[in-house]
2 protein chains.
Amino acid sequence: MNLKQLQFVIHVAETCSFSRAAELSFATQPTLSNSISQLEDELGGRLFKRTTRSVELTPFGEAMLPRIKETLHSRDELLQAAHAFHNPVH
Amino acid sequence: MNLKQLQFVIHVAETCSFSRAAELSFATQPTLSNSISQLEDELGGRLFKRTTRSVELTPFGEAMLPRIKETLHSRDELLQAAHAFHNPVH
DNA sequence: CAATGTTACGATACACGTAATCATA
DNA sequence: TATGATTACGTGTATCGTAACATTG
């Protein structure tokens with residue numbers, strides 16, 4: 001599991017599409033597809049239900065999404081805090 | 001920035017030693033040293049003050065540590081939630 | 001000078017993209 | 001059958017470990 005995979009999940013959930021999520025992520029569709037499959041294997045279940053015309057979160061995906069967002073949010077706060085430390089508000 | 005680097009930081013902070021942290025992390029000292037240097041570059045400052053006999057957190061490191069722990073904690077909760085979803089308590 | 005962190009460098013593995021394939025609305 | 005996801009596969013890069021080096025208490 002890594003942070004990039006989590007960001008991919010967010011983008012897929014937001015766009016309901018692997019191809020559009022790939023654009024958002026500056027990656028190709030296969031790269032994103034593989035990366036998410038790998039994460040799904042690690043988490044023990046599918047996060048998305050795919051058909052050729054639609055992508056939607058599974059119940060498992062719904063359950064994981066808030067946790068995933070929280071983890072990415074923590075990362076963002078960490079980066080912001082690092083930046084703020086070196087550029088303090090006077 | 002990745003989760004492994006964050007875990008390395010925790011181990012170094014806990015042991016006050018790169019070599020002991022490397023053991024905890026199942027990595028070699030150079031690997032850990034490089035990985036942390038890379039993170040420090042990305043965050044814009046040294047997290048640890050090194051001498052040959054001691055390693056201690058810098059003020060910047062002190063400031064980042066809680067954020068780092070929080071991010072790793074979020075990841076742990078995500079993994080636990082995934083496990084719990086497939087092994088619900090009856 | 002002994003213990004510990006860093007640098008250099010080569011090998012291996014992994015991530016990524018291209019191309020081809022599969023699936024379904 | 002056209003759109004969009006997956007699989008196959010080769011390549012380039014990044015990660016990791018070994019060995020050599022630097023540093024300092």
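Residues numbered from 1 in each chain as written. Chains lettered and ligands numbered in written order. Predicted model: local features only at pLDDT ≥ 70, side-chain atom pairs only at ≥ 80, totals over all residues. Heavy atoms only, no water.

## Remarks on the interface of chain A and chain B
Which entries qualify depends on this criterion: Here a residue-residue contact requires only that any non-hydrogen atoms of the pair lie within 4.5 Å. By buried area we mean how much accessible surface two parts lose on assembly, using a 1.4 Å probe and totalling the loss over both. The term salt bridge refers to a side-chain nitrogen of Lys or Arg lying within 4 Å of a carboxyl oxygen of Asp or Glu. Between N or O atoms, a polar contact is any pair within 3.5 Å; within protein, one atom must be a potential hydrogen donor and the other a potential acceptor, and residues adjacent in sequence are included only when both atoms are from side chains. A run of H or I in DSSP counts as a helix once it spans at least four residues, and a run of E counts as a strand once it spans at least two, with each numbered from the N terminus.
In this assembly, 24 residues from chain A lie in contact with 24 residues from chain B. Buried surface at the junction of chain A and chain B, summed over both partners, amounts to about 2,100 Å²; 76% is from carbon and sulfur atoms. Linking chain A to chain B there are two salt bridges. The shortest N-O distance in the salt bridge between Glu77(B) and Arg67(A) comes to 3.5 Å. Viewed at the interface, chain B and chain A are joined by six residue pairs in polar contact (both at pLDDT 80 or more). If you list the elements that add at least two residues to the side of chain A that touches chain B, you get α1 (3–15) and α4 (59–86) of chain A. A total of 17 residues in the side of chain A that touches chain B trace back to one element, the largest contributor, which is α4(A).

## Describing helix α1 (residues 3–15) of chain B
Residue and element names in this part refer to chain B. For clarity, the cut-off: Given the number of residues in a helix, its expected span is that number minus one, multiplied by 1.5 Å. Throughout this description, buried means an accessible area under 20% of the type-specific maximum (1.4 Å probe, protein chains only), exposed means over 50%, and partly exposed covers the range between.
Compared with an ideal rise of 1.5 Å per residue, which puts 13 residues at 18 Å, α1 spans 19 Å between its outermost C-alpha atoms and is within 8% of the ideal. Regarding α1, the residues found buried are Leu3, Gln5, Leu6, Phe8, Val9, Ile10, His11, Val12 and Thr15. Where α1 starts, the residue carrying a side-chain oxygen 3.1 Å from the main-chain nitrogen of lysine 4 turns out to be asparagine 2. Positive phi appears at cysteine 16, one or two residues downstream of α1, with a value of about 55°.

## Section: the packing of aromatic side chains
Here is the rule we go by: When two rings of Phe, Tyr or Trp (its six-membered ring) have centres within 6.5 Å they constitute a pair, described as stacked for plane angles under 30 degrees, edge-to-face for angles over 60, and tilted for the intermediate range.
Applying the stated rule across the entire model yields four aromatic pairs over all chains. Ring centres 5.0 Å apart and planes at 50° place the aromatic pair Phe60(A) and Phe85(B) in the tilted group. Taken together, the residues Phe60(A) in helix α4 and Phe85(B) in helix α4 (residues 59–86) connect one chain to another. Given the relative accessible area of 3%, Phe60(A) is considered buried.

## Brief notes about the protein's contact with DNA strand D
Basically, it comes down to this: By convention in this text, a residue qualifies as near a molecule or strand provided that one of its non-hydrogen atoms is within 4 Å of it. When residues are grouped by polarity, Ala, Val, Leu, Ile, Met, Phe, Trp, Tyr, Cys and Pro land in nonpolar, Asp, Glu, Lys and Arg in charged, and all others, Gly among them, in polar.
By nearness alone, 19 residues border DNA strand D, and Gln29(A), Ser33(A), Arg50(A), Thr31(B) and Thr52(B) come closest of all. Backbone atoms, meaning sugar and phosphate, form 62% of the atoms of DNA strand D found within 4 Å of the protein. Thr52(B) places a side-chain nitrogen or oxygen 3.0 Å from a base oxygen of DNA strand D. Looking at the surface near DNA strand D, the elements that each hand over two or more residues are α2 (18–24) and α3 (29–43) of chain A together with α3 (29–43) of chain B. A per-element tally of the surface near DNA strand D places α3(A) first, with four residues. For the surface near DNA strand D, the per-class residue count stands at five nonpolar, ten polar and four charged.

## What to know about unusual backbone geometry
Residue and element names in this part refer to chain B. With a phi angle near 55°, cysteine 16 is a residue other than glycine that sits in the positive phi range. On the basis of relative accessibility, which here comes to 43%, the residue cysteine 16 falls in the partly exposed class. Although it is not a glycine, phenylalanine 26 sits at a positive phi angle of roughly 55°. Among the structural elements, phenylalanine 26 can be located in the loop between α2 (18–24) and α3.

## Looking at the pattern of salt bridges
Residues and elements named next belong to chain A. Taken as a whole and judged by the stated rule, the model has ten salt bridges over all chains. Note that glutamate 40 and arginine 50 form a salt bridge whose closest N and O atoms lie 3.0 Å from each other. Note that glutamate 40 is positioned in helix α3 and arginine 50 in strand β1 (residues 48–50), a separation of ten residues in sequence. Residue classification places arginine 50 among the partly exposed positions, given a relative accessible area of 30%. Across the salt bridge formed by glutamate 56 and lysine 49, the nearest N and O atoms sit 3.7 Å from each other. A residue is classified by how much of its surface remains accessible, and glutamate 56, at 41% relative accessible area, is partly exposed.

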